[in-house]
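Chain by chain, the residues:
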Amino acid sequence: KQWYQRRVRGHFLVPFTTFFGATLIGKAIVKMHIQMLFVIFIFSKHHLETLETLISQIPEIGPALHAPFVEFMDKQKLRLRSGGKQGGAPSESVLSKCFEVFVVGMILYFVISLVNSLAQQYYKDNVEGKKQK
């Protein structure tokens, strides 16, 4: 077998179709439904009202946090119901931009390390193998 065939099959020799099928079932069916039910449960009107009450009861800073929290939730509801179109271009926060740059950096690091690992394996199999013969 070639070096790339060993890489594709994986470390534990699990066939790709078995791995992909299990991943698809786990992520697309099980995890998605659990997340959907969690979001619906947490963001139901009753639970949001309870959260507003709890925030307003925080000593010292509760009343100051209550109004911005209610305003933020109202904006999010309006944005959700309007399909994200809230008049004009959506403003992006600095935090979301930083997170986006972080994620892109992590993806690039992964790709670079993958190429490096494949190159090292190719070198080990072909170049060092020929020296031993």
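Going by the structure above, here's the rest.
Since this is a predicted model, take the numbers as computed values, not measurements. (Residues numbered from 1 in each chain as written. Predicted model: local features only at pLDDT ≥ 70, side-chain atom pairs only at ≥ 80, totals over all residues. Heavy atoms only, no water.)

## Details of the overall build of the chain
The secondary structure content of the chain amounts to 5 helices and 0 strands. Expressed as a percentage of its 133 residues, the buried residues of the chain come to 6%. Here the chain has roughly 11,900 Å² of accessible surface; of this, 69% comes from carbon and sulfur atoms. (Helix = DSSP H or I, 4+ residues; strand = E, 2+ residues; numbered from the N terminus. Buried < 20%, exposed > 50% of the residue type's maximum accessible area, 1.4 Å probe, protein only. Areas by Shrake-Rupley, 256 points an atom, 1.4 Å probe, with all protein chains shown as cover.)

## Examining the packing of helix H3 (residues 45-56) against helix H4 (residues 62-81)
Here H3 crosses H4 at 155 degrees, and the two axes come no closer than 8 Å. Looking at the two axes, H3 sits roughly antiparallel to H4. In this structure, H3 contributes Leu48, Leu51, Glu52, Ile55 and Ser56 to the contact, and H4 contributes Gly62, Pro63, Leu65, His66, Phe69, Val70, Met73 and Lys77. Of the residues that constitute the contact of H3 with H4, the class distribution is 8 nonpolar, 3 polar and 2 charged. (Axes fitted to C-alpha atoms, helices over the stretch in contact; angles between N-to-C directions. Parallel < 35°, antiparallel > 145°, perpendicular 65-115°, else oblique. Contact = heavy atoms within 4.5 Å. Nonpolar A, V, L, I, M, F, W, Y, C, P; charged D, E, K, R; others polar.)

## Brief notes about the environment of Leu65
With respect to the helices, strands and loops of the structure, Leu65 is situated in helix H4. Note on Leu65: relative accessible area 40%, which makes it partly exposed. C-alpha separation for the pair Leu65 and Ile55, spaced 10 residues apart in sequence, amounts to 6.9 Å.

## Looking at a nonpolar patch on the surface
A contiguous nonpolar patch, built from Phe99, Phe102, Val103, Met106, Ile107, Phe110, Val111, Leu114 and Val115 and spanning about 880 Å² of accessible area, is present on the exposed surface. Of note, Phe99 is situated in helix H5 (residues 94-132). We classify Phe99 as exposed; its relative accessible area is 54%. (Patch = residues over 30% accessible without salt bridge, like charges linked within 9 Å, V, L, I, M, F, W, Y side chains within 5 Å. Salt bridge = Lys/Arg side-chain N within 4 Å of Asp/Glu carboxyl O.)

## A closer look at unusual backbone geometry
Positive phi is not limited to glycine here, since Glu60 has a value of about 75 degrees. You can see Glu60 is positioned in the loop between H3 and H4.

## A few points about the pattern of salt bridges
Tallied over the entire structure, the rule returns 1 salt bridge. With its nearest N and O atoms 3.5 Å apart, the salt bridge here joins Lys75 to Glu71. Placement of both Lys75 and Glu71 in helix H4 is noted, with a separation of 4 residues, approximately one turn of the helix. Accessibility expressed as a relative area gives 45% for Lys75, which makes it partly exposed.

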